[in-house]
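# Working through the structure, step by step
Here is how the chains run, residue by residue.
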Amino acid sequence: MAKPVNVNQSKWTVPVLLKECEIYCPSTCVAFGPILSDNDSKLIIAHGGHRGVNMKLKVFQQLEQLSESSLADMPTALVHFINDLSSIPSIAVAAGPSLLIYKNLKPFYKFTVPSSAINPTESEAWKAVVNKKINGDTLLTVLKRLEDDVAFSKLTPISQTYLRADKETQVVLVEHYGTKIANSATITCIAKLTKSTAEPLDILVIGTEHCEIFLIDSQAFTILETIKIGSVPVNICAYGTYDVDYRLFVQTRASLIFCMKRGEADYQPIVISQSMITSMVLVNKMIVYTTVENLIHFASFRGKKMNTVKCPSKIKMLEPFIYPLKQLAAVIAVFDKEIRMYNEHYLLDTVQYEKPLAWVKYGCYGREDSTLVVAFKDGSIAIQIFRRKANFDTKLDYNQVPQAHALKLQIPKKTKVFIDLTQREVQLGNRIHKVYQKNLFDVKYRLAASYLELTSSASATVSTTTVLPVEISVDIHGFGPTFRMTIHLLSSSKQNLYDMHLSIISDPELYDFDTPLIPVHLLASGQSYSFTTLLYCKDPEKAANCDVRALLVHAKRATPIVTAVIKMPFSEFPLD
Amino acid sequence: MGFFSSLSSLFGLGKKDVNIVVVGLDNSGKTTILNQLKTPETRSQQIVPTVGHVVTNFSTQNLSFHAFDMAGQMKYRSTWESYFHSSQGVIFVLDSSDRLRMELLKDELMMVMEHKDVVSRGIPIVILANKMDIPGAMTASDITVALGLNLYRSGTWSIHSTCALTGDGLDKAMQQLSAEITKYMESRRT
Ligand SMILES: Nc1nc2c(ncn2[C@@H]2O[C@H](COP(=O)(O)OP(=O)(O)OP(=O)(O)O)[C@@H](O)[C@H]2O)c(=O)[nH]1
Ligand SMILES: [Mg+2]
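Each value, and the rule that gives it
Residues numbered from 1 in each chain as written. Chains lettered and ligands numbered in written order. Predicted model: local features only at pLDDT ≥ 70, side-chain atom pairs only at ≥ 80, totals over all residues. Heavy atoms only, no water. UniProt positions renumbered as here; feature names shortened; annotations may be inferred. Near = heavy atom within 4 Å. Polar contact = N/O pair within 3.5 Å; in protein donor to acceptor, adjacent residues only side chain to side chain. Areas by Shrake-Rupley, 256 points an atom, 1.4 Å probe, with all protein chains shown as cover. Nonpolar A, V, L, I, M, F, W, Y, C, P; charged D, E, K, R; others polar. Domains from an automatic or database assignment. Donors = N, O, S within 2.8 Å, 3.2 Å for Na, K, Ca; no water. Helix = DSSP H or I, 4+ residues; strand = E, 2+ residues; numbered from the N terminus. Buried < 20%, exposed > 50% of the residue type's maximum accessible area, 1.4 Å probe, protein only. Core = buried A, V, L, I, M, F, W, Y, C linked by side-chain atoms within 4.5 Å. Contact = heavy atoms within 4.5 Å. Buried area = accessible area lost by both parts, 1.4 Å probe. Salt bridge = Lys/Arg side-chain N within 4 Å of Asp/Glu carboxyl O. Phe/Tyr/Trp six-rings, centres within 6.5 Å; stacked < 30°, edge-to-face > 60°.

You'll find chain B entered in UniProt as ADP-ribosylation factor-like protein 6, with Caenorhabditis elegans given as the organism. Within the UniProt record for chain B, the comment given under Subcellular location is "Cytoplasm". Within the UniProt record for chain B, the comment given under Sequence similarities is "Belongs to the small GTPase superfamily. Arf family."

Taking UniProt as the reference, chain A is identified by name as BBSome complex member BBS1 belonging to Caenorhabditis elegans. Check the Subunit (literature references left out) section of the UniProt entry for chain A; it says "Part of BBSome complex, that contains at least bbs-1, bbs-2, bbs-4, bbs-5, osm-12, bbs-8/ttc-8 and bbs-9 (By similarity). Interacts with bbs-7 and bbs-9."

See below:
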């Protein structure tokens, strides 16, 4: 056969590129579904364009673009949903605080998130600037003060933009939006939830920047439920049906995962992650999420962690994979140039690509139920289909450690030097051992000798200079409040040392010295000298003591030659 | 063609019964083609996606065909292979305009051509590149290259462009199939 071997083994057909397409969008802006009367599942993409230019809603059929229409606002997410059983399904594009609904590819309705309360000072200031009572700079000052007092995130989106905009944009902002400031939160994520199995209509679930989640009836666009949580939702996965029993798994910006059930009012996070959660999907009644440490966690619906996969590099996103015909389910993890499929126990498949990937989407495209759309960083898109004969029979353990017998030993090459040395070792083994033992003994002996010398000479003193080896020791006599302090100095330097001073320092609150500075005129080598001073404890009733330092200093040296630190005993009371 | 079979067809003596199986992806036009092969008065007007399989009978000059029209949707594709061992020929229908599924098609075609009941018995395969009327449809030679058939020499296969709506190309394809099947049956007899 002419087919290359690896292609034959692949579980996916060879990728086919979409014609002339250049798509840059996040994976949240992609959906599959029939949207026209032909019932053929299309690929729908809300294309972000480039800095607000060229924002388009694009629809692909087969390998070609079928249609495109302009979008007025930057899209953040897109969902394909059914809101009428008798007609074709619709698309909802989330842009800013609004959902734009398209039916038959024509704009059909616009739903805007209800406005939250506006800070009174803020709305006053905007009113004033519109009525020309204050100028733009004053508005900026007011907003800046509010930013400090109330927090940036609590201001309206328009004020936030104003604060970060340049002069020209600020003027435009006042002109265009000054009269209609609203505090509608930006939509961060969107999901859908089936109403019931008997009535397969979708309920839209949206999360906003103001930590709210709305459940919206997709026929009348009324809010069915509002849920307030403690953190900004960024990703929602829905499970079950609205009328019977549902759960919403909400990933938040604070790396928490909440679970909201039907008829429960109190929401506690079920997953609290120490590191940032980057994506979350549901597969096989499990929550699968990734963290920045390149880990994929499989957790139960209660949040109990069941397994963890360590990945070699950054995981860009996760995508659920199901193949009902063979009851296969897995999660597709997207890496830089490859995708890997995992279930809760094994690594099931790896597919490599020549170009860096952007995202993948798995679902029904055209007539094939198990199609994988692969988008690359360069904007191209390829289509692959899961092969009918493919299975997950070959499984690999995830955190694979090579088996002991598979590890290669580093055996050195038999060079001439190696052979010579080996021969020497064979012939002279006994002598080599003896020489080694003798040297080892020598080393140990010298070590012991040096240690002994050190312990006998360097007790409790620190010599800061190696050039002038002077030893110092101090005796304290008496019980207090008067003590006698005797300092012994012994120089072992080759020359005699001249013109030094012994300085005695301590907390002046505690002790008084008879002679705080003792001149040391001469230290002859090898001779021991003693100096004495009296010290008085000022207040024995305090029962305080502190360290006293004796420093040997020379006028021409920045650091003391030698220092002794003396721990003073507690003073007795004076004998009156 | 052997002397006796041509003689029997000359006298219009009972045509030989043969079984064929018609496979291909969904929406490729299998049912439409078989409908076109029937006599005008027996054709049905409405064609809906096939579920499971349907047996259609029609005849050419010397053969009387029992064609198993298989369903092409993904969930039915695994049923195709169980019909190969009882057939004397295979018709593989493909949609020449479906570039998206060309790779999948290649997979499915190879599975048919390499199936043990096809290879070991050496039954003929006729590939119909249908929907040639659609603008932008691939030609039979493009498809031969795209499917890697030019490198595939073993077995008896041939490819024909067809249009099921008008019947274009069908006659020629069926003549070839009849000839191959007759050859096959004669080789079996000796
Ligand atoms: N333009 C064009 N359309 C065709 C042609 N052949 C079939 N069709 C159309 O393709 C559609 C599918 O045809 P079917 O015969 O049902 O396809 P099938 O292969 O039997 O499909 P399944 O039964 O689902 O496997 C119908 O709408 C036909 O009208 C053709 O040659 N040209
Ligand atoms: Mg059919």
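What follows continues from the structure just given.
In this section: the site of ligand 1. Residue and element names in this part refer to chain B. Residues in contact with ligand 1 amount to 20 residues; listed here are only the nearest, Lys30, Thr31, Thr32, Thr50 and Gly72. Between ligand 1 and the protein, one listed contact pairs an oxygen atom with a backbone N or O atom of serine 28 at 3.3 Å. Between threonine 50 and ligand 1, the recorded distance is 2.7 Å, taken from a side-chain N or O atom to an oxygen atom. Contact with the protein chains covers 82% of the free accessible surface of ligand 1, which is 650 Å². For the shell around ligand 1, a count of residues per class yields 8 nonpolar, 8 polar and 4 charged.

The domains assigned to chain A are domain 1 (120–177), domain 2 (416–457) and domain 3 (470–567). Centre-to-centre, using C-alpha coordinates, domain 1 of chain A lies 71 Å away from domain 3 of chain A.

In this section: the coordination of the magnesium ion (ligand 2). All names here are of chain B. At the metal site, the magnesium ion (ligand 2) is ligated by Thr31 (OG1) and Thr50 (OG1), and these contacts range over 1.9 Å. Here the residue threonine 31 occupies a position in helix α2 (residues 30–37), and threonine 50 occupies one in the loop between α2 and β2 (53–59), the gap between them amounting to 19 residues. You can call threonine 50 buried: its relative accessible area is 12%.

A word on the nonpolar core. Counting 59 residues, the largest nonpolar core has Phe321(A) and Trp359(A) as the members making the most contacts within it. Judged by nonpolar contacts, the second largest core, of 53 residues, contains Leu105(B), Met110(B), Val112(B) and Met174(B).

Listed by partner, the interface residues are 22 residues for chain B and 21 residues for chain A. Summing both partners gives a buried area of about 2,000 Å² for chain B against chain A, and 62% of it is carried by carbon and sulfur. Per-residue buried area on chain B facing chain A is highest for Met74(B), Leu100(B) and Glu103(B); these three make up 35% of the total on that side. In this structure, the connection of chain B to chain A is made through 7 residue pairs in polar contact (both at pLDDT 80 or more). Looking at the side of chain B that touches chain A residue by residue, the class counts come to 7 nonpolar, 3 polar and 12 charged.

So, about the pattern of salt bridges. The full count for this structure, using the stated rule, is 24 salt bridges over all chains. Put simply, Asp38(A) and Lys42(A) hold a salt bridge, and the shortest N to O gap is 3.0 Å. Taking relative accessible area as the criterion, Asp38(A) reaches 39% and is therefore assigned partly exposed. Glu108(B) is the salt-bridge partner of Arg388(A), the closest N and O atoms lying 2.7 Å from each other. Within this pair, whereas Arg388(A) is found in the loop between β28 (381–385) and β29 (396–397), its partner Glu108(B) is found in helix α3 (residues 102–113), the two belonging to separate chains. Look at the salt bridges and you will find they share partners, linking Arg367(A), Glu368(A), Asp26(B), Arg77(B), Asp98(B) and Arg101(B) into a network.

Before going further, it helps to examine the packing of aromatic side chains. All names here are of chain A. The tally for this structure, following the rule as stated, stands at 17 aromatic pairs over all chains. Taking the centre distance of 4.7 Å and the plane angle of 45 degrees together, the rings of phenylalanine 249 and phenylalanine 301 count as tilted. Residue phenylalanine 249 is found in strand β15 (residues 245–252), and its partner phenylalanine 301 is found in the loop between β20 (295–299) and β21 (305–310); the two are separated by 52 residues along the sequence. By relative accessible area, phenylalanine 301 is classed as buried at 9%. Consider the rings of phenylalanine 386 and phenylalanine 392, whose centres lie 6.1 Å apart with planes at 65 degrees: the pair is edge-to-face. Comparing phenylalanine 386 with phenylalanine 392, the two get one shared label, buried.

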